Amino acid sequence: MNDRTEASSAAAPEAASGNASGAATRVLVLNSGSSSVKYQLLDMAGGAGTVTGGRGALLASGLVERIGEGPVADHAAALRQAAGELADRGLGLDSPRLAAVGHRVVHGGTRFTEPTLVTDEVLAEIEKLVPLAPLHNPANITGIRVARELRPDLPQVAVFDTAFHATIPEHAARYAIDTATADAYGIRRYGFHGTSHSYVSRATAALLGRDPDQVNTIVLHLGNGASASAVRGGVCVETSMGLTPLEGLVMGTRSGDLDPAVIFHLVREAGMPAEEVDTLLNKRSGLLGLCGDNDMREIGRRMAEGDDAARLAFEVYVHRLRKYVGAYTAVLGRVDAVAFTAGVGENSVAVRQAALSGLTALGIEIDPVRNALRGGGARLVSADSSRVAVAVVPTDEELEIAAQAYELVGAVPG
Ligand code: ADP
């Protein structure tokens, strides 16, 4: 999913950065999950406008897993290990070349709609959002805290998964429930994967050779988690995830849309505690729940062997996608492009083909030969006769976070 070349590890990192001036142009991107920390060190010497030009140079990347099990006791230990790995490559956190640390933060609520320089007050506000994202925000917060301890002088920038969706109009963000209750508990559509939707919608416009403000795009981010968004002229107007990342498309282990009464039914009839229903819908549903596998590659293999459960899981997944493409076509009125991204979107020929076949009435015609070609970068897979461009656009959330963080610290005096 990453078509930038990784500069070889220890060799000559300063030279590899393409920046000999010694200026602070590097950004460390941290994605602290519940049990892992992913990191990337990027050099943004080409400027923050690198997002669609793909110029951010990747200097190093890594993953520290199984936090809490064995040697990596907690997030602090994980971050120290990451810092040690970077130091071993001559890219230690003490480098004056580091301009900022960019943190992925899952939930920004209605408070954070832009990349934000972390202060004590900001950290306290992110803390207040924990009830909205109990599985994600605590780990993000720990990541910020530890990074601040390691380099107290360095700007820490929080980049929120929800931010790109802050422009969704009120009629799309509101659930049709009692307003006072909704407001008291912050219940509304926030949307997630915003960094990816933002990046991919702009990269799609670039692929079409047009300005983002001229292009209407349906972005289908299909990874383990999956979400769709409708982007009008670069501005997000609708997205499929809601209060939490559970709503919308069928995902690896999450159900996506269902009748909320299913929950009451399980509580009353099956005697399941709320926590167990939560786990069922988030961890044991989706493709996994339907057929026992959550990896689309495995599902493809099983389908080829005539496995009915795998076939049904695939069909449920694809049917949901088609519904969203149709719905978002209606929302946008004019669609210029449908863009597929993330693990499934970038790699599954079968999902793209099945999701968009038979949509000629909507002006969408996928070209089976182009669709089947394997290629690294952003590419068109629509037929020449298609009114709507169909694109495969590799996402790069880390580059987008780095670009946003770099742009923000560049704008901060001193
Ligand atoms: P995450 O949401 O964890 O970032 P990714 O975007 O990396 O996930 O997507 C992971 C998923 O992508 C895998 O679970 C798998 O289903 C799917 N995937 C990866 N490679 C392929 C492939 N070649 N064909 C079909 N599906 C793939």
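An unreviewed UniProt entry lists the protein under the name Acetate kinase, with Streptomyces lycii as the source organism.

The next thing to look at is the overall build of the protein. Check the secondary structure of the protein and you find 16 helices and 12 strands. Along the longest, intermediate and shortest principal axes, the C-alpha atoms of the protein span 55 × 55 × 45 Å. By the burial criterion, 52% of the 414 residues in the protein qualify as buried. For the protein, the proportion of contacts with a sequence separation of at least 24, taken over those separated by at least 6, is 68%. Accessible surface, the protein as shown: approximately 17,900 Å² in total, 53% of it carbon and sulfur. A distance of 3 Å separates the average location of the 37 positive side-chain charges in the protein from that of its 48 negative side-chain charges.

Attention now goes to the site of the ligand. Near the ligand, the surroundings consist of 13 residues, among which N224, D295, M296, G343 and N347 are the closest. Backbone polar atom of M296 to an oxygen atom of the ligand: 2.8 Å apart, as the coordinates give it. Within the backbone of G343, an N or O atom sits 2.9 Å from an oxygen atom of the ligand. For the ligand, whose accessible area on its own is 580 Å², the fraction buried by protein is 72%. Those elements that place two or more of their residues in the shell around the ligand are α11 (296–304) and α13 (342–347). It is α13 that provides the largest number of residues to the shell around the ligand, a total of 4 residues. Partitioned by chemical class, the residues of the shell around the ligand number 4 nonpolar, 7 polar and 2 charged.

Scanning the entire structure with this criterion turns up 2 aromatic pairs. For the pair Y324 and Y328, a centre-to-centre distance of 5.5 Å together with 90° between the ring planes defines the contact as edge-to-face. Within this pair, Y324 and its partner Y328 are both found in helix α12 (residues 308–332), separated by 4 residues, close to a single helical turn. Accessibility assignment for this pair places Y324 and Y328 in one class, buried.

Take the sheet that holds strand β1 (residues 26–32) next. The strand order across the open sheet built from 6 strands is β3-β2-β1-β4-β6-β5, with neighbouring strands paired in mixed fashion. Each edge of the open sheet is held by one strand with a lone partner, namely β3 (57–64) and β5 (116–117). With 7 bridges joining them, strand β2 (residues 37–43) and β3 adopt antiparallel strand pairing. Bridging across to β3, V37 finds its partner in V64. Contacts from helix α4 (residues 137–150) reach β1, β4 (98–105) and β6 (156–160), with the element oriented near 165° to β4.

The rules we used
- Residues numbered from 1 in each chain as written.
- Predicted model: local features only at pLDDT ≥ 70, side-chain atom pairs only at ≥ 80, totals over all residues.
- Heavy atoms only, no water.
- Helix = DSSP H or I, 4+ residues; strand = E, 2+ residues; numbered from the N terminus.
- Buried < 20%, exposed > 50% of the residue type's maximum accessible area, 1.4 Å probe, protein only.
- Contact = heavy atoms within 4.5 Å.
- Areas by Shrake-Rupley, 256 points an atom, 1.4 Å probe, with all protein chains shown as cover.
- Lys, Arg positive; Asp, Glu negative; His and termini not counted.
- Charge placed at Lys NZ, Arg CZ, Asp CG, Glu CD.
- Near = heavy atom within 4 Å.
- Polar contact = N/O pair within 3.5 Å; in protein donor to acceptor, adjacent residues only side chain to side chain.
- Nonpolar A, V, L, I, M, F, W, Y, C, P; charged D, E, K, R; others polar.
- Phe/Tyr/Trp six-rings, centres within 6.5 Å; stacked < 30°, edge-to-face > 60°.
- Pairing = 2+ DSSP bridges.
- Axes fitted to C-alpha atoms, helices over the stretch in contact; angles between N-to-C directions.

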